[in-house]
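Residue-level structure breakdown
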Amino acid sequence: MYCRKCGTQNDDNAHLCIKCGEVLQQIGGAGDPPVKIPNYLAQSILVTLFCCMPLGIPAIIFPLR
Ligand SMILES: [Zn+2]
């Protein structure tokens, strides 16, 4: 993942940025509001994988724009 503060690419499992020390993942603590990931995005991916590709792909792409 990329650090939202300095843009440095870190390991996906990293909790702190290797460059600036910014917290990359909120672990249920107070502080900055966590990045809200729409639940329907995950559902869209599952639908695409297991059900209907033509309907699932636009559902995945659209929220990212
Ligand atoms: Zn950083």
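Our subject is the structure that appears above.
This text gives an overview of the structure that appears in the document. (Residues numbered from 1 in each chain as written. Predicted model: local features only at pLDDT ≥ 70, side-chain atom pairs only at ≥ 80, totals over all residues. Heavy atoms only, no water.)

1. Some details on the overall build of the protein chain
For clarity, the cut-off: Counting from the N terminus, the helices are the DSSP runs of H or I reaching at least four residues and the strands are the DSSP runs of E reaching at least two. Residue exposure (1.4 Å probe, protein chains only): buried if accessible area is under 20% of the type maximum, exposed if over 50%, otherwise partly exposed. Note on contacts: a residue pair qualifies if any of its non-hydrogen atoms lie within 4.5 Å across the two residues.
The helix and strand tally for the protein chain stands at 2 helices and 0 strands. For the protein chain, the residues scored as buried account for 17% of the 65 residues in total. Put simply, of all contacts in the protein chain between residues at least 6 apart along the chain, 7% involve residues at least 24 apart.

2. A closer look at the coordination of the zinc ion
Six octahedrally arranged donors around a metal ideally form angles of 90 or 180 degrees; four tetrahedrally arranged donors ideally form angles of 109.5 degrees. Quick note on the threshold: Coordination here is defined by N, O and S atoms within 2.8 Å of the metal (3.2 Å for Na, K and Ca), and since water is not considered, a site can look incomplete. By the criteria applied here, four donors are tetrahedral when all angles lie between 85 and 135 degrees, four are square planar and six octahedral when opposite donors are over 155 degrees apart and every other angle lies between 65 and 115, and any other arrangement is irregular.
The coordination sphere of the zinc ion contains the protein donors Cys3 (SG), Cys6 (SG), Cys17 (SG) and Cys20 (SG), at a distance range of 2.2 to 2.3 Å. Around the zinc ion sit 4 donor atoms, and with donor-metal-donor angles ranging over 107 to 116° the site reads as tetrahedral. Sequence spacing among the residues donating to the zinc ion works out to C-x2-C-x10-C-x2-C. Residue Cys6 is found in the segment before helix H1 (39-50), and its partner Cys20 is found in the segment before H1; the two are separated by 14 residues along the sequence.

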